[in-house]
Amino acid sequence: MTEDLVEKRKTLLEESEEHKAKRNELNAQASQFARERNELNNATRQYVEDAQKNKELRDQYNNDVQTLKEQRNELNDKANALFEEIDALRGDAGSGAAAASHEKKTSVKDILRQIESLEERQQTEVMTTEKERELVDKIKQLRAEVKEQEVEHEQNKEVRGRLIEAREFRKQASALHADVTEKAELAQKHHDLMVECYRKADKSREGADAKHKQFVEAQEAADAEHKAFLECQKNLRDYDKVLTGMRTKQKKVRSVKENKSARKEAETIFNAFKSGEKLTTEDLLKLQRSKLI
């Protein structure tokens, strides 16, 4: 029976070591998943921070665009008002065939408004390279028409002063338009960067969630292995108690048997001694141990 228990204890010890090794392996995996999850969470926070910075820059540039547009439009309105006066003066000064020729031409004010409209489309609409080239060519054509009419207007002394002032307003508006284009491009750039950062944040957040799920699963499996390991350890202690008790009992039984045998041998020696037989030193020691002398 003792041998059977020893064999079962050996099997249980092996099972215990297997649970311990599996628990340690799963704990290591859980730690790795946790590190990867934390790295992804840190990356997500960084992407969100970068997205927010780009959003603030985008909004700042959009505000700049709005402010510059208002300033540009104000200058264009002033230029247009002067060109209206120039057109009126031109109409009053014209007569006969010359007047009829003037009536056929689109006013500078209207041409400038067409240019403004086309420039607005260029800034705000998404178009193919070919379409944008066509639009740019159209703007150049309209500017050439304006230049042609201005050359005509310069012949009129009364018109010349207004034309110089209108040109200055238009020059300032053109400079602001360049700023508007630059700021609008920067706003679009930071908008695209913001969108890309949020996309990366979503992706890393998904990765972090997946790693957290793996961490939880590994941790739960490790806890189950640890629980099984503890149960094996408890059972091993129970086996040890039983085996210790059985070995102690066997030892006592063996000791009793040995004492009985020694006592019987001592009694034989003692009876021989009483009969007058000679005893050896070994015989005397056996009698002493059995307390017969």
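Look a little higher up for the structure.
Criteria and thresholds
- Residues numbered from 1 in each chain as written.
- Predicted model: local features only at pLDDT ≥ 70, side-chain atom pairs only at ≥ 80, totals over all residues.
- Heavy atoms only, no water.
- Helix = DSSP H or I, 4+ residues; strand = E, 2+ residues; numbered from the N terminus.
- Buried < 20%, exposed > 50% of the residue type's maximum accessible area, 1.4 Å probe, protein only.
- Core = buried A, V, L, I, M, F, W, Y, C linked by side-chain atoms within 4.5 Å.
- Contact = heavy atoms within 4.5 Å.
- Phe/Tyr/Trp six-rings, centres within 6.5 Å; stacked < 30°, edge-to-face > 60°.
- Lys NZ or Arg CZ within 6 Å of the ring centre and 35° of its normal.

A.B. asks: Just checking my understanding: could you explain the environment of Val 195 for this structure?
C.D. replies: Looking at where Val 195 falls in the secondary structure, it is placed in helix 5 (residues 157–274). Among the residues examined, Val 195 registers a relative accessible area of 42% and is labelled partly exposed. Through-space distance from the C-alpha of Val 195 to that of Lys 55 is 8.9 Å; in sequence the pair is 140 residues apart.

A.B. asks: Would you explain the environment of Arg 45 in this entry?
C.D. replies: By secondary structure assignment, the location of Arg 45 is in helix 1 (residues 2–93). For the pair Arg 45 and Ser 204, spaced 159 residues apart in the sequence, the C-alpha separation amounts to 9.5 Å.

A.B. asks: I tried to follow the nonpolar core on my own but got confused; where do I start?
C.D. replies: Burial of nonpolar side chains together is a common tendency in soluble globular proteins. Counting 24 residues, the largest nonpolar core has Phe 83, Leu 112, Ile 115 and Val 146 as its most contacted members. Looking at this core, the elements that each hand over two or more residues are helix 1, helix 3 (108–124), helix 4 (129–153) and helix 5. Each residue touching Ile 115, except ones within four places of it in the same chain, is listed here: Ile 139, Leu 142, Arg 143 and Val 146.

A.B. asks: Just checking my understanding: could you explain the packing of aromatic side chains for this structure?
C.D. replies: For any pair of aromatic rings, the description consists of the separation of the ring centres together with the inter-plane angle of the planes. With the rule as written, the count across this model stands at 0 aromatic pairs. Across the ring face of Phe 229, the terminal group of Arg 23 is positioned such that the distance to the ring centre comes to 5.1 Å. Against the face of Phe 215 rests Arg 37, its NZ or CZ located 5.0 Å from the ring centre.

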